[in-house]
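Fold and geometry: a report
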Amino acid sequence: MRKVAAIFKATMKSWYRSKSAIFWTFAFPILLIVLFGLIFGQENNTFSLYVQNNDVYQSGENSKISAALVGAFNATGPLIIINVPKDVDPLDYMKNDASSSGRGERLLVIPRGFEENINLHRSANVSLLYDQTQQASLIAVNIAQGVIDAFNAKLTGAVKVIQVESKPLVSNDFRFIDFFVPGVVGLTVMTTTIFGSIERNTTYREKGIIKKLATTPLSKLEWIIGIVSQQAVLAFISSGVVLTAGRIVFNVNISINGYFIILMITGALLFSGIGMLIANFVREPEAAEAAGNAITFPMMFLSGIFWPLEQLPDFLQTIAKVLPLTYLSDGLRDASINSNFSGALANTTIILILAAFFITIGAMVTNWKEK
Amino acid sequence: MGNELAVEVKSLIKTYSALRAVNDISFNIVRDTVFAFLGPNGAGKTTTVEILECLKPPTSGVAKVLGYNVRSRSDQKEIRRKIGVLPQEFNAVDRLTVTENIEFFGDMFSRRLNAEDLINLVGLKDKENELFKNLSGGLKQKLGLAIALVNDPEMLFLDEPTSGLDPTARREVWRVIEGLKKRGKTVFLTTHYMEEAQILADKVGIIENGKIVAEGTPDELISKYGGVKMLIINGGSSVATDLLKPHFSKVQMDKNGDVSLHLNTKEELTKAILLLSKSEVIREFEVKRPTLETVYLKLTGKKVTDEGVAQ
């Protein structure tokens, strides 16, 4: 235990005496949360939808059914309806307005004769145009489609009242940014520990410090536990920075409970263990960053940090299920926003098993001695 | 000095694919003595030392340190507990101070010496709070020696301890090693500096291409392979040559005009000085004793540069 404590103490001292290391421990998580928070968190949980209703009576009033459909869109909550005047080109109007207001480009056009067609049991088409390059469009279109389906069901008598059945994914009044922050905590834990472990190992190996340590009674496992525990503390500090920045910049208010803390610690152990294992195959410090990127990048984008896994193609969803970051971000969300403590416990267990596996394998394949 | 062995090496071989880095070598090191492995870079010095430090397994042969077999896992633990190592191109943790580095490496052992005592021993008192990265090469090596001593080892392995140091720093490190010798430590030193081996070692093994080509005390090696003493007449030019040539066969003059004469007996020296005293022009001459450098040159036909390259 004294040897592990000595490694922990020495590496922590080295860390806090390096101004650049301290800067990046704090700056990277802040950059991450602010940048991605601004990118993904701006629209919160509302989506603009431009609507031009051309189905009017001779009196100039909107037809009852078309007005009811627009009312149904309005009633959903997430859809903010922007009415487009009847006498303009709806596409031009939307583009001009969207460019000046920053709203998303999504347009629903209800044609003249819409109510009449329904009354005569003829097909009544509406046009829904959207910018498919905007992620929010997909969500808005899904909601709009749900409203139309419900409306059709009402007209055919299958459902008694017009309603969009919405099942909240998150509890209370959480916004997208609240959903996003636990994922960023997981991401920070992963990047801090994987990069840190690989860098520490390759640098010490190149300087001959590991070889010198190999001539002492220190065991490989003690060395790994020493480094892993130090990286876990750094990950803890970085995660604290993410949560604090989230709170200050975006007023994020998620529940930090015992499960959340335990998941952060076990996640840090797991990714440090992976880093220590990878470090065996990275000989030069110059290659450490490339190796870290090769491991962290796929996990960053395939583990449901930035978008739901359901939006990924099937084969990528299968890959996501074997990526450790998926379990960490799921577990952190279960603990902090979904109030799903059995889910958090299940994810913690999986992470603990993986951490034990990688640390053990890391100790087994670590080779201090040359052949 | 007893004859108890600290290191026993018998028919040791280490191969890397087609290369035989250590080629069937045998030698012993008696406890409380300094043994120097002398040879150029790539001769097999470090490979041999690292086998004895349990860092590399031997391909074949026997290697024992303090009576423990380097091949046995349980013996390796004992060896690591009882040896001190200063590796080649030693580095410690950059952002730890001198004291902190000694304490850090000391914590790897169940028993360790006081850091302050070690700092005083190697003469680093005024640098104890300096970060490792700010130390000069010589001071880094001194710290390396302190760290090698932190577990109060029975045996020390010093791999090229003064390589790359300037002459002043090299002599400072020598003083520390001489101090260890006086304290009765067994030291296995590898070096490519002939002078270092001659000054510090009780016994020298000259290694070339993985083989020990000669072994003995510096005096034994010099008297066996070094040849005779030489009389050098600085600036003697043709005057000295003319005086000596009728009486001696091996008289040579170099391009600087310095004349050298091989001497086999004391009588020859007396005779030469008497002859030279007849000239009023000749004012300066010296008797040069053969060194390990002469021995190495005789045995291998090469000289070793300061960088450790055999030419």
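Residues numbered from 1 in each chain as written. Chains lettered and ligands numbered in written order. Predicted model: local features only at pLDDT ≥ 70, side-chain atom pairs only at ≥ 80, totals over all residues.

1. Side note on the overall build of chain A
In terms of regular secondary structure, chain A is built from 14 helices and 4 strands. Expressed as a percentage of the 371 residues in chain A, the buried residues total 40%. Taking all contacts inside chain A whose residues are at least 6 apart in sequence as the whole, residues at least 24 apart take part in 78%. (Helix = DSSP H or I, 4+ residues; strand = E, 2+ residues; numbered from the N terminus. Buried ≥ 20, exposed ≤ 12 C-beta atoms within 10 Å, placed from the backbone. Contact = placed C-beta atoms within 7 Å.)

2. Overview of the overall build of chain B
Along its length, chain B carries 11 helices and 14 strands. Dimensions along the principal axes, computed over C-alpha positions, put chain B at roughly 70 × 45 × 40 Å. Evaluated residue by residue, chain B yields a buried proportion of 43% over its 311 residues.

3. As for the interface of chain B and chain A
The partner chain A presents 21 residues to the 22 residues of chain B that form the contact. Taken together, the residues of the side of chain B that touches chain A sort by class into 12 nonpolar, 1 polar and 9 charged. (Nonpolar A, V, L, I, M, F, W, Y, C, P; charged D, E, K, R; others polar.)

4. A short note on the sheet that holds strand E11 (residues 229–233) of chain B
All names here are of chain B. The 4 strands lie next to each other as E12-E13-E11-E14, forming an open sheet whose pairing is antiparallel. Only two strands of the sheet have a single neighbouring strand rather than two, namely strand E12 (251–253) and strand E14 (285–288). Here the strands of the sheet are splayed against their neighbours by 20° on average, with no regard to which way each runs. Each of E11, E12 and strand E13 (259–263) is contacted by helix H9 (residues 237–244), which is oriented at about 170° to E12, the strand it contacts most. (Pairing = 2+ DSSP bridges. Axes fitted to C-alpha atoms, helices over the stretch in contact; angles between N-to-C directions.)

5. Concerning the nonpolar core
Within the largest apolar cluster, 144 residues are counted, with the highest numbers of intra-cluster contacts made by B:Ala36 and B:Ala146. Examining the composition of this core, we find that 14 residues originate from one element, helix H10 (residues 258–279) of chain A, more than from any other. Those residues in contact with B:Ala36, other than ones at most four positions away along the chain, are B:Leu189, B:Thr191, B:Ala197, B:Leu200, B:Ala201 and B:Val204. Membership of the second largest hydrophobic core comes to 19 residues, among which are A:Phe47, A:Tyr50, A:Leu79 and A:Ile110. (Core = buried A, V, L, I, M, F, W, Y, C linked by C-beta atoms within 7 Å.)

6. So, the pairing of strand E10 (residues 211–216) of chain B
All names here are of chain B. Two strands pair when backbone bridges link them, and strand E9 (residues 203–208) and E10 are joined in this way by 5 bridges, in the antiparallel orientation. Directly across from Glu208, in E10, lies its bridge partner Lys211. The turn linking E9 back onto E10 is made up of 2 residues, and Asn209 within it adopts a positive phi angle of 50°.

7. A short note on unusual backbone geometry
Residues and elements named next belong to chain B. One non-glycine residue, Cys54, lies in positive phi territory at about 65°. Inspection of the secondary structure puts Cys54 in the loop between helix H1 (45–52) and strand E4 (60–65). Residue Glu89 is not a glycine yet carries a positive backbone phi of 50°. With respect to the element layout, Glu89 can be found in the loop between strand E6 (83–86) and helix H3 (98–106). Judged by local crowding, Glu89 falls into the partly exposed class, with 14 C-beta atoms found within 10 Å.

8. A few points about the pairing of strand E2 (residues 19–30) of chain B
Residue and element names in this part refer to chain B. When strand E1 (residues 5–16) meets E2, the two strands line up antiparallel, connected through 9 bridges. Bridge assignment links Val9 to a residue of E2, and that residue is Phe27. Between E1 and E2, which pair antiparallel and follow one another directly, the connecting turn spans 2 residues, one of which, Ser17, has a positive phi of 50°.

9. Examining the packing of H3(B) against helix H4 (residues 115–122) of chain B
Residue and element names in this part refer to chain B. Remark: H3 packs on H4, axes separated minimally by 10 Å, with the N-to-C direction vectors making an angle of 120°. When the axis of H3 is compared with that of H4, the two are oblique. The handedness of the crossing between H3 and H4 is right-handed. Contacts between H3 and H4 involve Val98, Thr99, Ile102, Glu103 and Gly106 from the first element and Ala115, Leu118 and Ile119 from the second. Considering only residue class, the contact of H3 with H4 consists of 5 nonpolar, 2 polar and 1 charged. (Parallel < 35°, antiparallel > 145°, perpendicular 65-115°, else oblique. Left-handed = near helix turned anticlockwise from the far one by under 90°.)

10. Quick word on the confidence of the model for chain B
Residues of chain B with pLDDT of at least 70 account for 97%, and the chain-wide mean is 86. Both confidence scores are given for the complex: pTM 0.72, ipTM 0.82. (pLDDT = per-residue confidence, 0-100.)

11. Here's the deal with the sheet that holds E6(B)
Residue and element names in this part refer to chain B. In spatial order, the strands read E6-E7-E8-E3-E9-E10; together these 6 strands make up an open sheet with mixed pairing. Taken across any chain shown, the strands that pair with only one partner, and hence form the sheet edges, are E6 and E10. Across the sheet, the mean angle from the axis of one strand to that of its neighbour is 15°, orientation sign disregarded.

12. Concerning helix H14 (residues 341–365) of chain A
Residue and element names in this part refer to chain A. Over its 25 residues, H14 runs 36 Å from end to end, which matches the ideal 36 Å to within 8%, given 1.5 Å per residue. Among the residues of H14, Ala344, Asn347, Thr348, Ile351, Leu354, Ala355, Phe358, Ile359 and Gly362 are the ones counted as buried. Summarising the contacts, the buried residues of H14 are in contact with helix H9 (220–250), H10 and helix H13 (324–336). (Expected span 1.5 Å × (residues − 1).)

13. A word on H9(B)
Residues and elements named next belong to chain B. Within the sequence span of H9, burial applies to Ala240, Leu243 and Leu244. Buried positions in H9, seen along its axis, are confined to an arc of 90° and lie on one side of it. In H9, the exposed positions that point more than 90 degrees away from the buried face belong to Ser238 and Asp242. Considering only its buried residues, H9 is in contact with E11, E12, E13 and helix H10 (266–276). (Arc of directions from axis to C-beta.)

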